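Here's the letter readout for the chains.
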Amino acid sequence: MKKLTFLVLAVLFAGKLLLAQDVDAGKKLLYYNRIASATQSLEKTVLDKPKEADAIYWLGQTYLATVKADGKKDVAKAKALYQKALSEGLNEPLIWVGMGHVELLEGKNNEARQRFEAAITATTKRKKENPEILNAIGRANADGGSTVGDPLYAIEKLKRAVELTQDDKKQNPEIYINLGINYLKAGGDKSGGDAYEAFNNALRIDPKYAEANFRLGKIFQSQQNKEKFEQYFNASIESDPAFAPAYLELYFYYQNRDINKAREYLDKYVANSDKDCSTDYFYADYLFRSGKYQESLDKGKLMENGACKDYPRLKVLYAYNYDRLGDSTKAKNNIESYLNTAPPATIQPDDYMFAASVMKKMDGSEQTAIKYLEKALE
């Protein structure tokens, strides 16, 4: 009987270990911003283990990291996933935090706070909260723009998570990443300094934690400090060559300054990313910036004739190329079509500036050009 019990326990432990490994694999892909691969991996895990809260929570996080064609997060898909789990009786604190994350993105801060507090209460043992739950609350509030969530509430919870894990042999650097992001969202005179300290604390725990260097680079990028942001983005790459977001930022910086250097960063970004419409678009954009206007147009048309036909910025690509090829009418039609139909979240100031430059070439379009310049300034 003892042998049978031991065998059952061993099988159960092995199953839990394999599940944890599957979830960790999905989390790692999400960390590298390989959203499609992370989603595919975690969907398989949830299909195999439909009652595992950890897998469901992280699958929902991949949905929230997915940006749709309208430039918005796939909140509806994450909400449906978490609601389904709750309706099927999976009343787990981590699922409550996931649902609270969705509610924050919907602007329902009070409802989210109630879920977070319930999750904390349910996982508090001997007057000690669960740092994993506190960190998940911090992650939820770190998501979205400056008006999303309650960063001061998140900072309080993340500081408590730091206290609870101070003596752990293996601290979690992500706690400090979420702390730093919430400091930046909170704003104020000290926010940049507090965020800088938090990201450096993540590096103290794990000097090879690429996201910490990347976040430090973003701070200095916002200050237009080239020497510093380039230093930190390169440090991110050196510590972990698979961390694609740093390559992309360096590509953006060099795309109008040194096209050969930009191409190097773009190639490395593509090599370490999921192949999707955005990687195809970046390559078509690179061709334009290289002066290969017809090749860039051809690449765009290939996208349009395939799975990327609804990629919103294709019309911008066409407009730029037609402008350089001397076809002002097609340039005008494409950029106006984009500006009239694109979701506001996808329109950049440079798009309005370019539209104004095109309109200046067209007789009788001076007022339209002025209107676009005003929008760019806004």
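These numbers were taken from a predicted model, which means no experiment stands behind them.

Trainee: Give a description of the layout of surface pockets that names residues and reports values.
Mentor: Taken as a whole, the second largest pocket holds about 200 Å³ of empty space. In terms of lining, the second largest pocket is formed by Lys218, Gln221, Gln224, Phe229, Glu249, Phe252, Tyr253 and Arg257.

Trainee: Describe the packing of aromatic side chains, naming the residues involved and giving the relevant values.
Mentor: Aromatic rings considered in pairs are described by the distance between their centres and by the relative angle of their planes. Under the defined criterion, the tally for this structure stands at 24 aromatic pairs. Note on tyrosine 251 and phenylalanine 252: the rings are 5.9 Å apart at their centroids and 50° apart in plane angle, and the pair reads as tilted. Judged by its relative accessible area of 0%, tyrosine 251 falls in the buried class. Measuring from ring centre to ring centre gives 5.6 Å for phenylalanine 252 and phenylalanine 282, while their planes differ by 75°; the resulting arrangement is edge-to-face. Here phenylalanine 282 lies in helix H15 (residues 277-289) and phenylalanine 252 lies in helix H13 (residues 244-254), a separation of 30 residues in the sequence. The buried category is assigned to phenylalanine 282, whose relative accessible area is 12%. Here the aromatic cluster, defined as three or more aromatic residues joined through ring pairs, consists of Tyr31, Tyr32, Tyr209, Phe214, Phe229, Phe233, Phe243, Tyr253, Tyr254 and Tyr265. Directly above the aromatic system of phenylalanine 220 lies the positively charged group of lysine 228, at a separation of 5.9 Å from the ring centroid. Residue placement shows arginine 257 over the ring face of tyrosine 253; its charged tip is 3.9 Å from the ring centre.

Trainee: So what's going on with helix H3 (residues 53-65)? Which residues, and what values?
Mentor: Here H3 contains 13 residues, and its C-alpha end-to-end distance of 18 Å stays within 8% of the 18 Å for a straight helix at 1.5 Å per residue. All of the buried residues in H3 are Ala53, Ala55, Ile56, Tyr57, Trp58, Leu59, Gly60, Gln61, Thr62, Tyr63 and Leu64.

Trainee: With reference to specific residues and values, describe the nonpolar core.
Mentor: Formed by 110 residues in total, the largest nonpolar core has its most connected members in Ile56, Tyr82, Ile95, Phe116, Ile335 and Leu339. Not counting the four nearest positions on each side in its chain, phenylalanine 116 is found in contact with Val97, Gly100, His101, Leu104, Ile137, Ala140, Asn141 and Tyr153.

Trainee: Mind laying out the confidence of the model for the protein, listing which residues take part and the relevant values?
Mentor: When the pLDDT values of the protein are averaged, the result is 91; 94% of them are 70 or greater. Confidence over residues 5-15 falls short of pLDDT 50; this stretch has zero contacts with residues more than four positions distant or in other chains.

Trainee: Which residues make up the packing of helix H11 (residues 210-222) against H13, and what are the values?
Mentor: Across the interface, H11 lies against H13 with an axial gap of 10 Å and an inter-helix angle of 25°. Considering their axes alone, H11 and H13 lie roughly parallel with respect to each other. When you trace H11 past H13, the crossing you get is left-handed. Packed against H11, whose contacting residues are Phe214, Lys218 and Gln221, the element H13 presents Pro245, Ala246 and Glu249 at the interface. The residue inventory of the contact of H11 with H13, partitioned by class, reads three nonpolar, one polar and two charged.

Trainee: Provide a residue-level description of the pattern of salt bridges, including the pertinent values.
Mentor: Evaluation of the coordinates by the stated rule reveals 26 salt bridges. A salt bridge links aspartate 150 to arginine 113; the shortest N-O distance between them is 2.9 Å. Note that aspartate 150 is positioned in the loop between helix H7 (131-142) and helix H8 (151-165) and arginine 113 in helix H6 (residues 109-122), a separation of 37 residues in sequence. For arginine 113, a relative accessible area of 35% gives the class partly exposed. Notably, a salt bridge pairs lysine 299 with aspartate 280, separated by 3.8 Å at the nearest N-O pair. Of the two residues, lysine 299 is situated in helix H16 (residues 293-304) and aspartate 280 in helix H15; the sequence distance between them amounts to 19 residues.

Trainee: Which residues make up the state of the cysteines, and what values go with them?
Mentor: This structure, assessed with the given rule, holds one disulfide. At a sulfur-sulfur separation of 2.1 Å, the disulfide partner of cysteine 277 is cysteine 308. In this structure, the disulfide formed by cysteine 277 and cysteine 308 twists by about -95° around the S-S bond and is classed as left-handed. Of the two residues, cysteine 277 is situated in helix H15 and cysteine 308 in the loop between H16 and helix H17 (314-324); the sequence distance between them amounts to 31 residues. Cysteine 308 sits in the buried class, given a relative accessible area of 8%.

Trainee: Outline unusual backbone geometry, listing residues and values.
Mentor: As a rule of thumb, non-glycine residues mostly have phi less than zero, and peptide bonds are mostly trans rather than cis. We note that arginine 126 has phi near 50°; this positive angle belongs to a residue other than glycine. Its place among the elements puts arginine 126 in the loop between H6 and H7. For arginine 126, a relative accessible area of 83% corresponds to the exposed category. A positive phi angle, close to 65°, is found at lysine 127, a residue other than glycine. Lysine 127 gets classed as exposed once you look at its relative accessible area, which sits at 77%.

Conventions used here
Residues numbered from 1 in each chain as written. Predicted model: local features only at pLDDT ≥ 70, side-chain atom pairs only at ≥ 80, totals over all residues. Heavy atoms only, no water. 1 Å grid on protein atoms, 1.4 Å probe; cavity = no way out; pocket = protein on both sides within 12 Å on 5 of 7 lines; lining within 4 Å. Points joined across faces, edges and corners; volume = space filled by probe spheres on them. Phe/Tyr/Trp six-rings, centres within 6.5 Å; stacked < 30°, edge-to-face > 60°. Buried < 20%, exposed > 50% of the residue type's maximum accessible area, 1.4 Å probe, protein only. Helix = DSSP H or I, 4+ residues; strand = E, 2+ residues; numbered from the N terminus. Lys NZ or Arg CZ within 6 Å of the ring centre and 35° of its normal. Expected span 1.5 Å × (residues − 1). Core = buried A, V, L, I, M, F, W, Y, C linked by side-chain atoms within 4.5 Å. Contact = heavy atoms within 4.5 Å. pLDDT = per-residue confidence, 0-100. Axes fitted to C-alpha atoms, helices over the stretch in contact; angles between N-to-C directions. Parallel < 35°, antiparallel > 145°, perpendicular 65-115°, else oblique. Left-handed = near helix turned anticlockwise from the far one by under 90°. Nonpolar A, V, L, I, M, F, W, Y, C, P; charged D, E, K, R; others polar. Salt bridge = Lys/Arg side-chain N within 4 Å of Asp/Glu carboxyl O. Disulfide = S-S within 2.5 Å.

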